Amino acid sequence: MRKIAADIIFSVSAQPQTNVVLLTEDNGTIIGVFPEAEFEPSTIKRFSGALIPGFVNAHCHLELSHLKNKFPEKTGLPEFLNLVTAQRTSTQQEINDAMTAAELEMLNNGIVAVGDISNNSDSYEIKAGGKLYYHTFIELIAFDPERAGLAMQHGNELLSKARSYGLHASLAPHATYSVSAKLIQAISRSCYESGKPTSIHMLESNDENEFYVQATGLYRKLYRDLKIDIKHFQPTGKTALESVLPYFMKEVNTLLIHNTIATAWDVEWAEENHSNLFWCFCPNANLFIEDRLPDIPMLKDHAQYMVIGTDSLASNHNLSILNEMQTIQNKFNEINTNDLIRWGTLYGAKALGISDKFGSFEKGKQPGVNLLTGITSASQPLKDATVKRVV
């Protein structure tokens, strides 16, 4: 048994507490949080700072780790996608080494679980090593509805391979501008039948809405540059969110990734029409690609669940949930530390369907324990905080 204390404990499922001790089994299983007066002081391991559960990185692309420092910043999303698609210079060994280093970086930054996007099986062996919990979102792309069947066949092959490695996995559509309604429906049905979550890149730039409203703009240019025929596409006259969300089953946990241009109307409409949405922020990637952030205070007022991801090292300089939180709080100082910790722990675990084990200091869970230095009260900002794994 371990007895751990700090200036403050964010158990997440309850209000932050002082003068308490966190009890865990030797394997990290939570026994509970108890008044400090119940224990002999010499038996308690004390830290200066705050104890919080391990972070959940709700959105990452481990397989793109080899693209770190390869691209210019602030190009806009269509051009960024063009650059990623054209990148073909790395060897398999370079890709594997970069993924191994990225996983170690996440471990050192207090991350215990990851919602990771995969377009192939490159990352499966590393994930199967068991250093972190991964839920693999097998990402499918097929904008032409006639190709939905082939995309599902490819996805199911990757799904079967992931499961052969013992990995938790499900299918996910890439983005509103790269999948058909037919493919979204098939993916969502698959996730409903397996009881697993899905995700989609959503409302990342104004070009996305322009494409759906009137079929013009930089996404049309992107498809032309990629020599992909999109004659089948008919604009809906609606936003991208309005156009695709109805094809997702409401019973399936659905992560909406980025939401850079989401409005209050978007969020209210979506929440009314889907009961299991998780709005994912990757602020450092937003700044890297589009040089703007979502209106996070607005989303906090209108959305039920917010979660935090790092995106990939192709669009970020590090893989740290704490750093993402600091970016949010530096821009929006009205977002308090307790809310940010909840988004980066418990809500991320809920999104991935693993809140029975991760996300909070509740009896029977094994969420990991992080120490945030420089935080001695719930009212303090995260500006100067650092993170260290304790359990």
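To be clear, the structure that these remarks concern was listed above.
As the structure is a prediction and not an experimental result, all values here were calculated from the model.

Peer 1: How do you make sense of the environment of leucine 183 when you look at a structure like this?
Peer 2: Inspection of the secondary structure assignment puts leucine 183 in helix α5 (residues 181-194). Residue leucine 183 is classed as buried on the basis of its relative accessible area of 0%. Separated by 35 residues in the primary sequence, leucine 183 and alanine 148 have C-alpha atoms spaced 5.0 Å apart. Once you skip the residues sitting within four places of it in the chain, leucine 183 turns out to touch Leu140, Ile141, Ala142, Ala148, Ala151 and Met152.

Peer 1: Quick question: what am I supposed to make of helix α9 (residues 264-273) here?
Peer 2: Each full turn of the α-helix corresponds to 3.6 residues, which orients residues three or four apart in the same direction. Of the residues making up α9, those classed as buried are Asp266, Val267, Trp269 and Ala270. Looking at the buried side of α9, the elements it contacts are α8 (240-244), β13 (277-281) and α11 (296-302).

Peer 1: What is the right way to look at the state of the cysteines in this model?
Peer 2: In protein chemistry, a disulfide is the covalent bond that joins the sulfur atoms of two cysteines. In total, this model carries 0 disulfides according to the counting rule given. Cysteine cysteine 280 shares no disulfide, and the gap to the nearest cysteine sulfur, in cysteine 282, comes to 4.2 Å. Of the residues examined, cysteine 280 reaches a relative accessible area of 0% and is grouped as buried. Accessibility expressed as a relative area gives 0% for cysteine 282, which makes it buried.

Peer 1: Where do I start with helix α1 (residues 77-86) in this structure?
Peer 2: Leu77, Pro78, Phe80, Leu81, Asn82 and Val84 are the residues of α1 that are buried. Buried residues in α1 make contact with α6 (206-214), α7 (218-225) and α10 (283-289).

Peer 1: Help me understand unusual backbone geometry in this model?
Peer 2: Outside of glycine, negative phi angles account for most residues, and trans bonds account for most peptide bonds. Its identity is not glycine, yet asparagine 19 carries a phi of approximately 55 degrees, on the positive side. With respect to the helices and strands, the residue asparagine 19 is situated in the loop between β2 (8-9) and β3 (20-24). Exposure remark for asparagine 19: the relative accessible area of 56% places this residue in the exposed category. Unlike most non-glycine residues, aspartate 311 shows phi in positive territory, near 60 degrees. On the secondary structure map, aspartate 311 appears in the loop between β14 (306-308) and α12 (321-331).

Peer 1: Looking at this structure, how should I read the nonpolar core?
Peer 2: Soluble globular proteins: nonpolar side chains tend toward being buried together. Formed by 122 residues in total, the largest nonpolar core has its most connected members in Phe55, Met106, Leu183, Phe211, Trp343 and Leu372. The next biggest cluster of nonpolar side chains, apart from the first, holds 11 residues, and it includes Val20, Leu51, Val369 and Val390.

Peer 1: How should I be thinking about the side chain of glutamate 324 in this particular structure?
Peer 2: Within the element layout of this structure, glutamate 324 appears in helix α12. For the buried residue glutamate 324, which engages in no salt bridge, the nearest side chain bearing the opposite charge is lysine 68, 12 Å off. Only 3.0 Å separates the side chain of glutamate 324 from the backbone nitrogen of asparagine 284, close enough to count as a polar contact. In contact with glutamate 324, not counting residues within four places along its chain, are Cys282, Pro283, Asn284, Ile308, Gly309, Thr310 and Asn316.

Criteria and cut-off values
- Residues numbered from 1 in each chain as written.
- Predicted model: local features only at pLDDT ≥ 70, side-chain atom pairs only at ≥ 80, totals over all residues.
- Heavy atoms only, no water.
- Helix = DSSP H or I, 4+ residues; strand = E, 2+ residues; numbered from the N terminus.
- Buried < 20%, exposed > 50% of the residue type's maximum accessible area, 1.4 Å probe, protein only.
- Contact = heavy atoms within 4.5 Å.
- Disulfide = S-S within 2.5 Å.
- Core = buried A, V, L, I, M, F, W, Y, C linked by side-chain atoms within 4.5 Å.
- Lys, Arg positive; Asp, Glu negative; His and termini not counted.
- Salt bridge = Lys/Arg side-chain N within 4 Å of Asp/Glu carboxyl O.
- Polar contact = N/O pair within 3.5 Å; in protein donor to acceptor, adjacent residues only side chain to side chain.

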